[in-house]
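Here is what each chain is made of, one letter per residue.
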Amino acid sequence: MKKTIISFACLFCTLNISAQTTPDIYNLQHNDINGTARYMGMAGAFGALGGDVSAVKDNPAGLGVYRQSEFVTTLNLLTQNSHATWNAQKAQNDLYKLKFNNLSFV
């Protein structure tokens, strides 16, 4: 009898446990690569190389590559336009973002 009660208790407890929910997954994904134009152009691959201000968040030891001071700014303009037609119904979605991605001095 005790084994049956313990089995049902374990089954009931495992039904309510979840590791991640859908909102958690949406919060963890990052689609934007922000930083200097060089860092964004190489999709963040400068973390191991260093010598780029944006790579400091990946590898702080990359600051050792610098031999002189540097002042960097980056302005980013994002445009996304999507147009669709289905069953003679038209849908349009336009997105424009102007970001000031980076202002740094090393």
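Residues numbered from 1 in each chain as written. Predicted model: local features only at pLDDT ≥ 70, side-chain atom pairs only at ≥ 80, totals over all residues. Heavy atoms only, no water.

A. Looking closely at the overall build of the protein. In terms of helices and strands, the protein carries three helices and two strands. Counting helices and strands in the order they occur from the N terminus, the protein gives α-α-α-β-β. Looking at the protein residue by residue over its 106 residues, the buried ones come to 16%. When contacts within the protein are restricted to residue pairs at least 6 apart in sequence, long-range pairs at least 24 apart make up 38% of them. When the accessible area of the protein is evaluated, it comes to approximately 8800 Å², of which 59% is carbon and sulfur surface. (Helix = DSSP H or I, 4+ residues; strand = E, 2+ residues; numbered from the N terminus. Buried < 20%, exposed > 50% of the residue type's maximum accessible area, 1.4 Å probe, protein only. Contact = heavy atoms within 4.5 Å. Areas by Shrake-Rupley, 256 points an atom, 1.4 Å probe, with all protein chains shown as cover.)

B. Fine view of the environment of Phe 105. With respect to the helices, strands and loops of the structure, Phe 105 is situated in strand E2 (residues 89-105). For Phe 105, a relative accessible area of 61% gives the class exposed. The spatial distance from the C-alpha of Phe 105 to the C-alpha of Glu 70 is 5.7 Å, given a sequence separation of 35 residues. Apart from the residues lying within four places of it in its own chain, the contact partners of Phe 105 are Ser 69, Glu 70 and Phe 71.

C. A look at the pattern of salt bridges. What the rule picks out here adds up to one salt bridge. A salt bridge links Asp 58 to Lys 57, with the shortest nitrogen-to-oxygen separation between them at 3.6 Å. (Salt bridge = Lys/Arg side-chain N within 4 Å of Asp/Glu carboxyl O.)

D. How the structure looks around the pairing of E2. Bridge analysis of strand E1 (residues 71-86) against E2 gives 16 bridges, and the strand direction is antiparallel. The residue of E2 that forms the bridge with Thr 79 is Tyr 96. The turn joining E1 and E2, which pair antiparallel and follow one another in sequence, is formed by two residues; a positive phi near 55 degrees is taken by Asn 87. (Pairing = 2+ DSSP bridges.)

E. Representation of the side chain of Thr 36 in the model. Take Thr 36: it is sitting in the loop between helix H2 (22-28) and helix H3 (37-41). For Thr 36, the residues in contact, after removing those within four places along its chain, are Asp 52, Ser 54, Val 72, Thr 74 and Asn 102.

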